[in-house]
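Observations on the three-dimensional arrangement
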Amino acid sequence: MNRTSYWTIVALSALFSHIPASGSENITKDNLKLWYKQPAKKWVEALPVGNGRLGAMVFGGINKERLQLNEDTIWAGPPVPHDRKGAYNHIAKARKLFFAGKYSEGQKIIQQNVMGRRISPRSYQPLGNLNLTFDLKDNVSDYRRELNLDTAIATTTFRQQGTTYLREVFSSPVDEVLVVHLNADKPASISLEATLNRSADYHVEALAPNRLSMSGQAGHKSKHKGVKFESHLIVKTDGGTVTVRDKNIIIQNADSATLILAAATDYNRADPYSPLNRDLGQVCQLQLNAAGAKPYTCLRNDHITEHRRLFRRVELDLGQTTAAELPTDQRLQAVRKGQIDPQLTTLYFQYGRYLLICSSRPGCMPANLQGLWNHHLKAPWNSDYHININLQMNYWPAEVCNLSECHEPFFTLIEALLKSGRETARNVYNCRGFVAHHTTDAWLWTSPIGRTVWGMWPMGGAWCTQHFMEHYRFTGDKQFLAQRAYPILKEAALFFLDWLVEDPKTGKLVSGPSNSPENTFIAPNGKIVDLSMGPSGDQQIIWDTFTNCMEAAEILKIDDEFIEQVTAARKNLLMPKIAPDGRLQEWTEPFKEHEPGHRHMSHLFGLHPGRQYTFQNSPEMITAVRKSIEYRLSHGGGHTGWSRAWIISFRARLREAEKAYENIQLLLKKSTVTNLFDNHPPFQIDGNFGGTAGIAEMLLQSHAGEIHLLPALPTAWPDGYVKGLRARNGFEIDITWKNGKLTEAKIHSLIGRVCKVRYEHPLMVSGIRFDRTQDNTIWFDTDSGKTYILRKQ
């Protein structure tokens, strides 16, 4: 396709009319675009693209454009933390002190004899930068940069001296390359220099007049030498000339130019300590040869088709506002001043889905603390995999938001922890099974490290196993249950069978010594401590793990001595108590919190993401949980982005629509930056994913053995619809509502299970027999592949 026809089809229609440039269905509106009237000045103003593995932050500069690059396996390397073998001898001594009420003394023993050394920095690192310098001035008109969530293309356009320029950037999941296309509506208008660089530890070479390479090794000032990487850049032009000068590619007077970047590393997912023995340059060359053989329009359309295969599964409309006509940064500012903008909430929801698609595809690393996108050599918390909520929150939207495939990298990581997790269980605790603590990274270590307040928490692995069972509940994939979910649940449960100890006061089984993640309390001697026996969060996670294991065994018809032991242990678990003031206790005693507004709320796991506390089976605990949340928030809780996002799901599970909505607004007002990234601060992507999951939780719940339609619909969303959300037991659901009331629900049965549905008003199912309970819950048999229509009676 020549330059003129391409410009006519793509630029004029897709840009100025905002019509999709691929596909016949016109669903792309400005509520599926982030857009701005000025280039990004800061990294958190740039726009993210990614194919799961290879990503970029696009700044949209005029005469100087920067694409900050990431490849998801570039990590600084060993040494990594190690187990302190034989620590279990000291744990036995410490337990006696804790049971005797000598908390600070017991904690001192654990800190000195159990905790491994935190080794930092050993960070996830950027690949580098692709820098483009143009022969242009800054004085332009009609400037616009945007990220189209429906096409996963970042676009920059502007006019200068009568010429309109169009730049498009995307990271193709089909061709495994980053693509930059430069065009203009007048011939010979594309002139620029392109170069690759990095903050440290890199080498650039010119391989041909139109090809550069950049290679290096992740590390920190010659220490922690880790993953080796290489990236290649190739340039294709329509007209003009291409030369090399001082390791820069020089493009002069081209009609259009396409820059394609490939990257490869020696990281070995099967064994990170045995790097892949492969020619990284050859890997890049093969990718570039394949991608370079395609016309740009083919690269673009293949990319869009694959992205839309996932993205278009879910549609959401929460209402229309005139604010949607404003740039995204202005809309965000207006919300901070009290503007009601339901379309911004829709955009935020779909942005979370977009980010998960772009940072977590099968075969890739899981989304880390920053997803895929990081510009720091020493990232906050090393941009690692925190598994005391953050990594789990990243994947809360995966099943309900119809992105089940994007869950796969999470499963692969947790299974990869089994080997080291078994060693840690044996070395540190003298236990069977596997264990992981509050964090890990690409090197798959599982030791307890650092201070006890965050590191002495052997629950991380078990919490992650919950996701395996949830995947089965949503999909009904019995092979996954038998071959992946049950084996890892069994490993986690084996550890707990050996780890639990009898509380001498109650005769019940308790975990410990352990923390309630990162929180502290005031001990009877007046000292601030963080460890105790039987913290509520531990007990709930153990109950959940045992319950999941028992349910999986029942489905698989496994009835052996192990399951008998799990059943007996669950029956004898010490369960969390309700404090004298009516709150759910975080610890076994009603200790005074040192930080009453703490960001973590781990003792509420049983409400969400667990399912131990529901209105049906434990209304008294629901009341206690509600009081705990109110108390925590009244003392400043929810001040981090991810914590605020978690509260949305808490409120949704409590069926508190207005309070859930209030926390969405607070998430936007206080914890969202210009490009809609979550702000911890600093940037952490978990809040984006948690916010998306919370919005879904307000519209649909299925954790309590039934589908609950519109359980927390706020008055700010009186009319709307959602299509394509998933519910447990294998259902895909569309819901439409008007004046705050359901008008129709379509339930598509994927695996033919019995369907049980709850709504606040009586429902009927068109054309089939159904049964009803006294509380207006209905249930009916379904056939796989059929759709059932529900309306108010």
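Let me begin by describing the structure that accompanies this report.

**Notes on the packing of helix α14 (residues 478–499) against helix α15 (residues 536–555)**
Pairs of packed helices are described in terms of their axes, by the angle between the two and the distance that separates them. Relative to each other, α14 and α15 sit at 140°, their axes nearing to 9 Å. By the angle between their directions, the pair α14 and α15 is classed as oblique. Between α14 and α15 the crossing geometry is left-handed. Within the contact between the two elements, α14 uses K478, L481, Y486, L489, K490, A492, A493, F496 and L497 and α15 uses I542, T545, F546, N548, C549, A552, A553 and I555. Of the residues belonging to the contact of α14 with α15, the class tally is 13 nonpolar, 2 polar and 2 charged.

**Here we look at the sheet that holds strand β9 (residues 177–184)**
Spatially, the 9 strands line up as an open sheet ordered β1-β6-β7-β8-β9-β16-β13-β12-β11, and their pairing is antiparallel. Each edge of the open sheet carries a strand with a single partner, namely β1 (33–36) and β11 (202–208). The average undirected angle you get between the axes of adjacent strands in this sheet is 15°. Here 7 bridges tie strand β7 (residues 153–160) to strand β8 (residues 163–172), and the two strands are oriented antiparallel to one another. Paired with A154 across the strands is V169, a residue of β8.

**A few points about helix α6 (residues 328–336)**
Listed in full, the buried residues belonging to α6 are T328, D329, R331, L332, A334 and V335. Residues of α6 that are buried sit in contact with β1, α7 (342–359) and α19 (657–670). Just past α6, the residue G338 takes up positive phi, approximately 110°.

**Some words on the environment of I707**
With respect to the helices and strands, the residue I707 is situated in strand β28 (residues 707–709). Here the alpha-carbon distance between I707 and A206, two residues 501 residues apart in the chain, equals 59 Å. The contact partners of I707, leaving out residues within four places of it in the chain, are L700, Q701, A727, F731, I733, I747, C755, K756, V757 and R758.

**Overview of the packing of α7 against helix α20 (residues 686–699)**
Between α7 and α20, the least distance of the axes is 8 Å, while the angle of their chain directions is 125°. Relative to α20, the element α7 lies oblique. Considering how the two elements wind past one another, α7 and α20 form a crossing that is left-handed. The segment α7 lies against α20, with T345, Y348, F349, Y351, G352, R353, L355, L356 and S359 engaging G687, N688, F689, G691, T692, I695 and A696.

**A word on the side chain of T439**
With respect to the helices and strands, the residue T439 is situated in strand β19 (residues 439–440). Classification of T439 as buried rests on a relative accessible area of 4%. Within polar-contact distance, the side chain of T439 engages the side chain of H386 at 3.3 Å. Not counting residues within four places of it along the chain, the set of residues in contact with T439 comprises D384, Y385, H386, I387, W445 and I449.

**Here we look at the pattern of salt bridges**
By the definition in use, this model includes 42 salt bridges. The salt bridge partner of E697 is R653, with a shortest N-O separation of 2.6 Å. Placement of E697 in helix α20 and of R653 in helix α18 (residues 641–653) is noted, with a sequence separation of 44 residues between them. Taking the relative accessible area as the measure of exposure, R653 reaches 4% and is therefore buried. For E706, the salt bridge is made with R758, and the minimal N-O distance between the two is 2.3 Å.

**A word on the packing of aromatic side chains**
Applying the stated criterion across every chain yields a total of 34 aromatic pairs. Aromatic side chains W75 and Y124 sit 5.3 Å apart centroid to centroid with 45° between the ring planes, which places their arrangement in the tilted category. Linking W75 in the loop between β4 (64–71) and α2 (88–99) with Y124 in the loop between α3 (103–113) and β5 (128–134), this pair joins segments that are 49 residues apart in sequence. The exposure class of Y124 is buried, given its relative accessible area of 0%. Between W373 and F677, the ring centres sit 6.3 Å apart and the planes meet at 40°, which makes this aromatic pair tilted. With W373 in the loop between α7 and β18 (385–386) and F677 in the loop between α19 and α20, the pair connects residues that are 304 residues apart, well separated along the chain.

**Quick notes on the sheet that holds strand β33 (residues 763–765)**
By definition, the strands of a sheet pair up through backbone hydrogen bonds, in either a parallel or an antiparallel sense. An order of β17-β29-β30-β31-β36-β33 is seen for the 6 strands of this open sheet, with the pairing classed as antiparallel. For this open sheet the edge positions go to β17 (315–317) and β33, each flanked by a neighbour on one side alone. Strand after strand, the sheet turns through a mean of 25° between neighbouring axes, direction not considered. Taken together, the 3 bridges between β17 and strand β29 (residues 720–727) define a ladder with antiparallel strand orientation. Pairing of D317 across the sheet is with Y721, part of β29. Lying on the sheet, α7 is in contact with β17 and β29; it crosses β17 at an angle near 160°. Of the strands in this sheet, β17, β29 and β30 (731–738) are in contact with α20, which crosses β29 at around 100°.

**Details of unusual backbone geometry**
Put simply, P78 and P79 share a cis peptide bond, and its omega is 5°. With a phi angle near 55°, D142 is a residue other than glycine that sits in the positive phi range. When you line up the elements, D142 lands in strand β6 (residues 141–148). Judged by relative accessible area, which is 48%, D142 ranks as partly exposed. In this structure, N382 takes a positive phi of about 60° despite not being glycine. Judged by its relative accessible area of 9%, N382 falls in the buried class.

**Some points on the environment of R159**
In this fold, R159 is placed in strand β7. Along the sequence, R159 and C755 sit 596 residues apart, while their C-alpha atoms lie 56 Å from each other. Among the polar contacts made by the side chain of R159, one reaches the side chain of T164 at a distance of 2.4 Å.

**What about the state of the cysteines?**
Overall, the coordinates contain 0 disulfides when judged by the stated rule. Of all cysteine sulfurs, the one in C358 lies closest to C298, which takes part in no disulfide; the gap is 20 Å. Left unpaired, C464 is separated from the closest cysteine sulfur, that of C549, by 16 Å.

**Comments concerning the nonpolar core**
Within the largest apolar cluster, 226 residues are counted, with the highest numbers of intra-cluster contacts made by Y354, F546, I707, L709, W717, V757 and L790. Sorting elements by how many residues they give to this core places α14 first, with 13 residues. Ignoring anything within four residues of it in the chain, the contact list for L709 reads L699, L700, I733, I735, L742, A745, V757, R758, Y759 and L763. Core analysis: the second largest hydrophobic core is formed by 16 residues, I234, A262, A264 and C284 among them.

**Comments concerning the environment of N688**
Note on placement: N688 falls in helix α20. Separated by 337 residues in sequence, N688 and Y351 have C-alpha atoms that sit 7.9 Å apart. Excluding residues within four positions of it along the chain, N688 makes contact with Y348, Y351, G352, L355, L676, F677, D678 and F683.

Basis of the calculations
- Residues numbered from 1 in each chain as written.
- Predicted model: local features only at pLDDT ≥ 70, side-chain atom pairs only at ≥ 80, totals over all residues.
- Heavy atoms only, no water.
- Axes fitted to C-alpha atoms, helices over the stretch in contact; angles between N-to-C directions.
- Helix = DSSP H or I, 4+ residues; strand = E, 2+ residues; numbered from the N terminus.
- Parallel < 35°, antiparallel > 145°, perpendicular 65-115°, else oblique.
- Left-handed = near helix turned anticlockwise from the far one by under 90°.
- Contact = heavy atoms within 4.5 Å.
- Nonpolar A, V, L, I, M, F, W, Y, C, P; charged D, E, K, R; others polar.
- Pairing = 2+ DSSP bridges.
- Buried < 20%, exposed > 50% of the residue type's maximum accessible area, 1.4 Å probe, protein only.
- Polar contact = N/O pair within 3.5 Å; in protein donor to acceptor, adjacent residues only side chain to side chain.
- Salt bridge = Lys/Arg side-chain N within 4 Å of Asp/Glu carboxyl O.
- Phe/Tyr/Trp six-rings, centres within 6.5 Å; stacked < 30°, edge-to-face > 60°.
- Disulfide = S-S within 2.5 Å.
- Core = buried A, V, L, I, M, F, W, Y, C linked by side-chain atoms within 4.5 Å.

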